[in-house]
Amino acid sequence: MKLFEQQELSIYNSLTKKKEKLQPIHEGAIGMYVCGPTVYSNVHLGNCRTFLSFDLVFRYLKHLGYKVRYVRNITDAGHLENDGESGDDPILKKARIEQLEPMEVVQKYSVDFHNVMAKFNALPPSIEPTATGHIIEQIKIVEDIIAKGYAYEKNGSVYFDVVKFNEDHTYGKLSGRQLEDMIANTRELAAQSEKKNPQDFALWKKAEPQHIMRWPSPWSDGFPGWHLECTAMSTKYLGNHFDIHGGGMDLKFPHHECEIAQAEASNNQSPVNYWMHANMLTLNGKKMAKSTGNNILPNELFSGDNSILSKAYAPTVAKFFMYQAHYRSILDFSNDALEASEKGYFRLMDAYRSLSSLTASGTESSFDIAGWRQSCYDAMNDDFNSPILIAQLFEATKYINALKEGTATISESDLELLQNTMHDFLFDVLGLVDQIAEGDGDSNKLSGVVELLISLRNEARANKDFATSDKIRDQLLEMGIQLKDGKDGTTYSLN
Ligand code: AMP
Ligand code: ZN
């Protein structure tokens, strides 16, 4: 029996604004699409938070035994501010600044994105399509929408006719915006635009002479609109009607609203059953964003090279910090909060490690392990509530510590259940990494060497040879190994 047959998972659906029981379209299988990055600069931690939120979703669905097809695209063309009426393609802009071919920009930042995701131990998606690899599919959808009467051509560009669409469908159902209100608020902006209405959006844009990323089409040499890319790539790999579509909260409008409109216009059916939106990571109370410079890059965090940080933090600690907040809550980034998370992370890992040296202490357990295990599932079944899950893992940590001190008891079968459950949630579901215990033979050797240096440093300190003890601490720190003196002795972390 698969776990999903025993566990009832509810997902908060941004479309209906309710938590709903997950009912896959095809039994035992889930199709999930998540909007990927626009690759014209390094991803910042805010972007990472959204992708890690969906890594958790992917991992938990897989853990429950679903066959998940997870599609996350790369936007390598067409992501224009305001349909190009107030700016150029950011990839082209960057190519000019860095004196690169646009596809070199795309490659450079796609590689950075993949490296960062790997450092966070995020699983790669099942399919990672690029917008430029799906131009034919996008042209086909534009043709369909024109044929249905919901788009029009103007000077070689094609726009989606929102007013016409709204006569037969509802535009604004995801964001809760009313078309009449949107029109009333933007009336005077309409003047020199090619669009019939400012709410119309580009499906295809004719390329200006300087725009070198261009493809032939029935309307002009040009490029597709950003919203269209996701409709083309999601429906190509998941079908016209699929289970889950995700992205950051800021993509709800207009991006996802437009995706719904395009899909309904071409297929006459709602494309997605569950819309999921991850909330923002903020810095100093403001959204982390590429455009404002209010952001921290993952590598600045891993190296500690940023004025906000007092030291370096391991990727797995940063991930743990993010999962201590629910994905639909705003999370503010700060050194203090990270430091607190790091302590918690070490406590959990210490407890997990000590489990392997524990033995059964009787036939009865003084803690309801089966009930606790179900509480872990209940947390995740309630719209992926990772902070509640982590609180449950801390409950188990208290019990493990009591077992170590001999003030609690555990039976043999419960010990195995506790070990397996801790392992499943820490490593499979949350995707954390134990920097110290896990890893290959080399990291175990490294661990032995560091422990040896810690004991030499303790001897030096006992002999009041502070020059030597400081030298050991400082030189280890330079190598990215940080020693921490606590009341139970010295521990270390790898930065
Ligand atoms: P972009 O490359 O700008 O298309 O963004 C990639 C993803 O990161 C999108 O899903 C955005 O919603 C998300 N994102 C951007 N800024 C933040 C932030 N500060 N916190 C969380 N997610 C973000
Ligand atoms: Zn998208």
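*Asks:* Where do I start with the overall build of the chain in this structure?
*Replies:* Per the secondary structure count, the chain includes 17 helices and 15 strands. For the chain, the spread of C-alpha atoms along the principal axes amounts to about 80 × 55 × 40 Å. Looking at the chain as a whole, 54% of its 495 residues are labelled buried. Averaging the positions of the 50 positive and the 67 negative side-chain charges in the chain gives two centres separated by 2 Å.

*Asks:* Whenever I open this one, the sheet that holds strand β5 (residues 151–154) confuses me. Can you help?
*Replies:* Across a sheet, strands are paired by hydrogen bonds formed along the backbone, either parallel or antiparallel in direction. Taking strand neighbours across the sheet as the criterion, the 4 strands line up as β5-β6-β7-β8 in an open arrangement whose pairing is antiparallel. This sheet does not close on itself; its edge strands, each paired only once, are β5 and β8 (222–224). The average undirected angle you get between the axes of adjacent strands in this sheet is 20°.

*Asks:* Help me out: how do you make sense of the site of ligand 1 in this one?
*Replies:* With respect to spatial proximity, 17 residues lie near ligand 1, and among them Thr-38, Thr-50, Asp-250, Leu-281 and Met-288 are the closest. Here a nitrogen atom of ligand 1 and a backbone polar atom of Met-288 are 2.7 Å apart. In the complex, 93% of the free accessible area of ligand 1, which totals 490 Å², lies under the protein chains. Among the elements that take part in the shell around ligand 1, helix α2 (residues 45–63) stands out by supplying 4 residues, more than any other. Counted by class, the shell around ligand 1 contains 6 nonpolar, 8 polar and 3 charged residues.

*Asks:* Quick question: what am I supposed to make of the domain arrangement of the chain here?
*Replies:* Interfaces are often described in size by the accessible area the parts lose on coming together. Here the chain is described as being made up of domain 1 (3–278), domain 2 (282–433) and domain 3 (439–494). Summarising the inter-unit geometry, the C-alpha centres of domain 2 and domain 3 are found 25 Å apart. At the interface, 4 residues of domain 2 touch 5 residues of domain 3. Buried surface at the junction of domain 2 and domain 3, both sides included, amounts to about 290 Å², of which 46% is carbon and sulfur. The three residues of domain 2 that bury the most area against domain 3 are Lys-311, Ala-314 and Phe-346, which together make up 81% of that side's buried surface. Taken together, the connections running from domain 2 to domain 3 amount to 1 salt bridge. As a salt-bridge pair, Glu-342 and Lys-484 come within 3.8 Å of each other at their nearest N and O atoms.

*Asks:* Just to check I follow, could you spell out the coordination of the zinc ion (ligand 2) for this structure?
*Replies:* Ideal donor angles around a metal are set by the shape: a four-donor tetrahedron calls for 109.5 degrees, a six-donor octahedron for 90 or 180 degrees. For the zinc ion (ligand 2), every protein donor is listed as Cys-35 (SG), Cys-230 (SG) and His-255 (NE2), and the spread of their distances is 2.0 to 2.2 Å. Counting gaps between the donor residues of the zinc ion (ligand 2) yields the pattern C-x194-C-x24-H. Of the two residues, Cys-35 sits in the loop between β3 (29–34) and α2 while His-255 sits in helix α9 (residues 252–267), which places them 220 residues apart along the sequence. For Cys-35, a relative accessible area of 5% corresponds to the buried category. Classification of His-255 as buried rests on a relative accessible area of 0%.

*Asks:* Hey, could you run me through the packing of α2 against helix α13 (residues 369–381) in this one?
*Replies:* In contact at an axis separation of 12 Å, α2 and α13 are set at 130° when each is read in the N-to-C sense. Classed by the angle they form, the pair α2 and α13 counts as oblique. Here α2 runs over α13; the crossing is left-handed. Facing Leu-56, Tyr-60 and His-63 of α2, the residues of α13 in contact are Tyr-377, Met-380 and Asn-381. For the contact of α2 with α13, a count of residues per class yields 4 nonpolar, 2 polar and no charged.

*Asks:* Help me understand the nonpolar core, please; the structure alone is not making it clear to me.
*Replies:* Generally speaking, nonpolar side chains in soluble globular proteins are found buried as a group. Among the nonpolar cores identified, the biggest contains 124 residues, and Phe-333, Leu-393, Leu-418 and Met-422 are the most heavily contacted of them. Per element, the largest residue contribution to this core is 10 residues, and it comes from α2. Domain assignment of the residues forming this core places at least three in each of domain 1 (3–278) and domain 2 (282–433). By size, the runner-up hydrophobic cluster in this structure holds 14 residues, among which are Cys-35, Val-71, Leu-174 and Trp-275.

*Asks:* Got a minute to help me understand unusual backbone geometry in this structure?
*Replies:* In the segment running from Phe-253 into Pro-254, the intervening peptide bond is cis, with an omega of 0°. Here Asn-268, not a glycine, exhibits a phi torsion of approximately 55°, which is positive. For Asn-268, a relative accessible area of 60% translates into the label exposed. Within the chain, Phe-384 stands out as a residue other than glycine whose phi angle is a positive 55°. Mapped onto the secondary structure, Phe-384 falls in the loop between α13 and α14 (386–405).

*Asks:* So what exactly am I meant to see when it comes to the side chain of Thr-316 here?
*Replies:* Its place among the elements puts Thr-316 in helix α11 (residues 315–323). A distance of 3.0 Å separates a polar side-chain atom of Thr-316 from the backbone nitrogen of Val-433. When neighbours within four sequence positions are excluded, Thr-316 is seen to be in contact with Tyr-345, Leu-432, Val-433 and Gln-435.

*Asks:* Even after reading the chapter, I still don't get empty space enclosed by the protein, so can you show me in this structure?
*Replies:* Rolling a probe over the atoms, with the probe sized like a water molecule, indicates the empty space that remains. Going through the model one piece at a time under the given rule, you end up with 2 cavities of 30 Å³ or more. Taken together, Arg-49, Ser-53, Leu-56, Met-322, Tyr-323, Ala-325, His-326, Tyr-327, Phe-384 and Ser-386 form the lining of the largest cavity. The set of elements that each furnish at least two residues to the lining of the largest cavity consists of α2 and α11. The dominant element in the lining of the largest cavity, judged by the number of residues it contributes, is α2, at 3 residues. Each residue belonging to the lining of the largest cavity can be placed in one class, and the counts come to 6 nonpolar, 3 polar and 1 charged.

Parameters and conventions
- Residues numbered from 1 in each chain as written.
- Chains lettered and ligands numbered in written order.
- Predicted model: local features only at pLDDT ≥ 70, side-chain atom pairs only at ≥ 80, totals over all residues.
- Heavy atoms only, no water.
- Helix = DSSP H or I, 4+ residues; strand = E, 2+ residues; numbered from the N terminus.
- Buried < 20%, exposed > 50% of the residue type's maximum accessible area, 1.4 Å probe, protein only.
- Lys, Arg positive; Asp, Glu negative; His and termini not counted.
- Charge placed at Lys NZ, Arg CZ, Asp CG, Glu CD.
- Pairing = 2+ DSSP bridges.
- Axes fitted to C-alpha atoms, helices over the stretch in contact; angles between N-to-C directions.
- Near = heavy atom within 4 Å.
- Polar contact = N/O pair within 3.5 Å; in protein donor to acceptor, adjacent residues only side chain to side chain.
- Areas by Shrake-Rupley, 256 points an atom, 1.4 Å probe, with all protein chains shown as cover.
- Nonpolar A, V, L, I, M, F, W, Y, C, P; charged D, E, K, R; others polar.
- Domains from an automatic or database assignment.
- Contact = heavy atoms within 4.5 Å.
- Buried area = accessible area lost by both parts, 1.4 Å probe.
- Salt bridge = Lys/Arg side-chain N within 4 Å of Asp/Glu carboxyl O.
- Donors = N, O, S within 2.8 Å, 3.2 Å for Na, K, Ca; no water.
- Parallel < 35°, antiparallel > 145°, perpendicular 65-115°, else oblique.
- Left-handed = near helix turned anticlockwise from the far one by under 90°.
- Core = buried A, V, L, I, M, F, W, Y, C linked by side-chain atoms within 4.5 Å.
- 1 Å grid on protein atoms, 1.4 Å probe; cavity = no way out; pocket = protein on both sides within 12 Å on 5 of 7 lines; lining within 4 Å.
- Points joined across faces, edges and corners; volume = space filled by probe spheres on them.

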